[in-house]
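Survey of secondary and tertiary structure
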Amino acid sequence: MATFGILRRSLSTTTTRNAIKNVTVIGGGLMGSGIAQVAAQTGHNVTLVEVNADILKKAESSIANSLGRVAKKLYKDDAKAVKDSDLIVEAIVEKLEIKHKLFKSLDEAAPTKTIFASNTSSLSIGEIASVTNRKDRFGGLHFFNPVPVMKLLEVVRIPETSEETYQALMAWGKAVGKTCITCKDTPGFVVNRLLVPYIAEAIRMMERGDASARDIDIAMKLGAGYPMGPIELADYVGHDTTLSISEGWHKKFPENPLFNICESQRKLVQQGKLGVKSGEGYYKYNK
Ligand SMILES: CCCCCCCCCCCCC[C@H](O)CC(=O)SCCNC(=O)CCNC(=O)[C@H](O)C(C)(C)COP(=O)(O)OP(=O)(O)OC[C@H]1O[C@@H](n2cnc3c(N)ncnc32)[C@H](O)[C@@H]1OP(=O)(O)O
Ligand SMILES: NC(=O)c1ccc[n+]([C@@H]2O[C@H](COP(=O)([O-])OP(=O)(O)OC[C@H]3O[C@@H](n4cnc5c(N)ncnc54)[C@H](O)[C@@H]3O)[C@@H](O)[C@H]2O)c1
């Protein structure tokens, strides 16, 4: 794992009520930057690790915009990034083999006490944890986008997660200001098991020409009270991530038509139209 940067922030005005004080967030994209921000805002010492220097810079400035002040330094040492960590939260790309490579190297570099968590949207926490020797200190921490605004945190236990680890994750979730719910390691946990079929059906409706993207979005906002329509929300999440979710579930559950791949989504990714983050998805955005 190449490490380009480290970003630390601690606010003395807030106190934490749990044992987790030093947190390493790996991946500084949409989700990792938000997770690092809420952890820093609630008095944790945060190290943000990112392989892409431009994205790290972007994460720093988006956090700086929100928080006003960020101290930072540069270095390139994996072991240093995690050596004092009580908790590592992984928020890198939604690909099992890439997460495996990362967790294998983290398992060697991190102290025994360190708890590992993944922010995966759709992969099995047990499968991610399988490459480590610390399944008792492993769990899912599924945050929602945008992290500073969304109040929910899904805390996922695998059968091996110890009671102590589970309690530490729940306490930390509360300490970063989230309402925690617990669920088993089932596909999509609670929210995405319901949200993915809903968004997929909306995309299929648009692909069939039953209604335009704009009309589907207006319908769900004004008719069902959602803050964003389903097509807007897919653009907001990012189509590299949504396609990884659909491909993973389609492969795992080929008989379930709810998880069939939406062709328009695949085409967008091929064209580099990843949604809000790239300036275009189903809609166009001002960058
Ligand atoms: C098998 C086939 C499948 C095919 C399809 C598969 C699709 C899969 C899709 C599932 C993906 C799951 C991904 C993930 O695992 C789970 C998720 O995270 S799902 C996403 C959940 N999020 C939402 O649902 C967001 C819904 N939207 C909103 O809540 C709002 O629109 C908004 C984003 C908060 C923005 O609100 P608006 O009112 O529109 O805009 P404002 O600009 O006025 O903002 C209001 C308020 O919020 C503050 N704010 C907005 N963004 C941020 C930010 N990034 N950081 C900090 N604060 C933010 C803003 O400042 C305003 O604050 P105020 O001024 O009111 O104090
Ligand atoms: N986008 C969402 O709405 C959303 C919501 C909840 C959960 N998630 C999950 O969070 C994770 C990240 O999603 P995202 O939307 O933030 O993706 P993103 O593409 O915005 O960010 C991922 C970042 O990880 C970096 N990265 C990749 N490999 C790395 C490594 N080995 N070490 C350090 N950094 C590395 C990339 O450079 C990139 O900046 C995924 O598992 C996704 O399923 C996404």
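Residues numbered from 1 in each chain as written. Chains lettered and ligands numbered in written order. Predicted model: local features only at pLDDT ≥ 70, side-chain atom pairs only at ≥ 80, totals over all residues. Heavy atoms only, no water.

Now for the site of ligand 1. Around ligand 1 there are 25 residues in total, and S121, H142, N145, V149 and N192 lie nearest to it. One of the side-chain nitrogen or oxygen atoms of S121 is found 2.7 Å away from an oxygen atom of ligand 1. Within the side chain of H142, a nitrogen or oxygen atom sits 2.7 Å from an oxygen atom of ligand 1. Looking at the shell around ligand 1, the elements with two or more residues in it are helix 7 (191-208), helix 9 (230-237) and helix 10 (239-252). Examining the composition of the shell around ligand 1, we find that 5 residues originate from one element, helix 7, more than from any other. Tallied by class, the residues present in the shell around ligand 1 amount to 17 nonpolar, 8 polar and no charged. (Near = heavy atom within 4 Å. Polar contact = N/O pair within 3.5 Å; in protein donor to acceptor, adjacent residues only side chain to side chain. Helix = DSSP H or I, 4+ residues; strand = E, 2+ residues; numbered from the N terminus. Nonpolar A, V, L, I, M, F, W, Y, C, P; charged D, E, K, R; others polar.)

With that settled, the discussion passes to the sheet that holds strand 9 (residues 179-184). Hydrogen bonds between backbone atoms are what pair the strands of a sheet, whose relative direction is either parallel or antiparallel. If you walk across this open sheet you meet the 7 strands as 3-2-5-6-7-8-9, and the pairing is mixed. Edge positions in the open sheet fall to strand 3 (45-49) and strand 9, since each of these has one partner strand only. Averaged over all pairs of adjacent strands, the angle between their axes in this sheet comes to 25°, without regard to strand direction. With 6 bridges joining them, strand 8 (residues 152-157) and strand 9 adopt parallel strand pairing. Residue pairing in the sheet places V156 in a bridge with C183 of strand 9. Across the sheet, helix 1 (residues 30-41) is in contact with strand 2 (22-26), strand 3, strand 5 (87-90) and strand 7 (138-143); its angle to strand 3 comes to roughly 165°. Packing of helix 4 (residues 96-109) onto the sheet brings it into contact with strand 2, strand 5, strand 6 (115-118) and strand 7, and relative to strand 6 it is tilted by some 170°. (Pairing = 2+ DSSP bridges. Axes fitted to C-alpha atoms, helices over the stretch in contact; angles between N-to-C directions. Contact = heavy atoms within 4.5 Å.)

The next thing to look at is the packing of helix 10 against helix 11 (residues 263-270). How two helices pack is summed up by the angle between their axes together with the distance between the axes. The contact between helix 10 and helix 11 brings their axes to 9 Å, and the two run at 135°. Classed by the angle they form, the pair helix 10 and helix 11 counts as oblique. In the crossing of helix 10 with helix 11, the sense of the turn from one axis to the other is left-handed. Here H239, D240, T242, L243, S246 and E247 of helix 10 come into contact with helix 11, specifically with Q265, R266, L268 and V269. (Parallel < 35°, antiparallel > 145°, perpendicular 65-115°, else oblique. Left-handed = near helix turned anticlockwise from the far one by under 90°.)

Before going further, it helps to examine helix 10. Over its 14 residues, helix 10 extends 19 Å from the first C-alpha to the last, a length consistent with the 20 Å expected when each residue adds 1.5 Å. Where helix 10 is concerned, the buried positions are H239, T242, L243, S244, I245, S246 and W249. Structurally, helix 10 contributes buried residues whose contacts are with helix 7, helix 9 and helix 11. (Expected span 1.5 Å × (residues − 1). Buried < 20%, exposed > 50% of the residue type's maximum accessible area, 1.4 Å probe, protein only.)

In this section: the pairing of strand 6. The side-chain alternation of strand 6 yields two buried faces, one formed by I115 and A117 and the other by F116 and S118. In terms of strand pairing, strand 5 meets strand 6 through 4 bridges, oriented parallel. Within strand 6, the residue paired with E90 across the bridge is S118. Chirality of the crossover, the property in question, places the unit of strand 5, helix 4 and strand 6 among those that are right-handed. Relative to strand 7, strand 6 runs parallel, the two being bridged by 3 bridges. Pairing of F116 across the sheet is with F138, part of strand 7. (Right-handed = clockwise from strand over helix to strand, strands pointing away.)

Attention shifts here to the site of ligand 2. As a matter of local geometry, ligand 2 sits amid 23 residues, with M31, E50, E94, K99 and S121 nearest to it. K99 places a side-chain nitrogen or oxygen 2.8 Å from an oxygen atom of ligand 2. Its free accessible area being 820 Å², ligand 2 has 90% of it covered by the protein chains. At the level of secondary structure, the elements contributing two or more residues to the shell around ligand 2 comprise helix 1 and strand 7. Residue classes in the shell around ligand 2 are distributed as 10 nonpolar, 9 polar and 4 charged. (Areas by Shrake-Rupley, 256 points an atom, 1.4 Å probe, with all protein chains shown as cover.)

The next thing to look at is the pattern of salt bridges. For the structure on display, the rule yields 15 salt bridges. In this structure, the salt-bridge partner of D136 is R137, at a minimum N-O distance of 3.1 Å. The residue D240 makes a salt bridge to K277 at a minimum N-O spacing of 3.0 Å. Taken together, the residues D240 in helix 10 and K277 in the segment after helix 11 connect sequence positions 37 residues apart. For D240, a relative accessible area of 27% puts it in the partly exposed group. Given the relative accessible area of 34%, K277 is considered partly exposed. Linked by salt bridges that have partners in common, E90, E94 and K99 make up one network. (Salt bridge = Lys/Arg side-chain N within 4 Å of Asp/Glu carboxyl O.)

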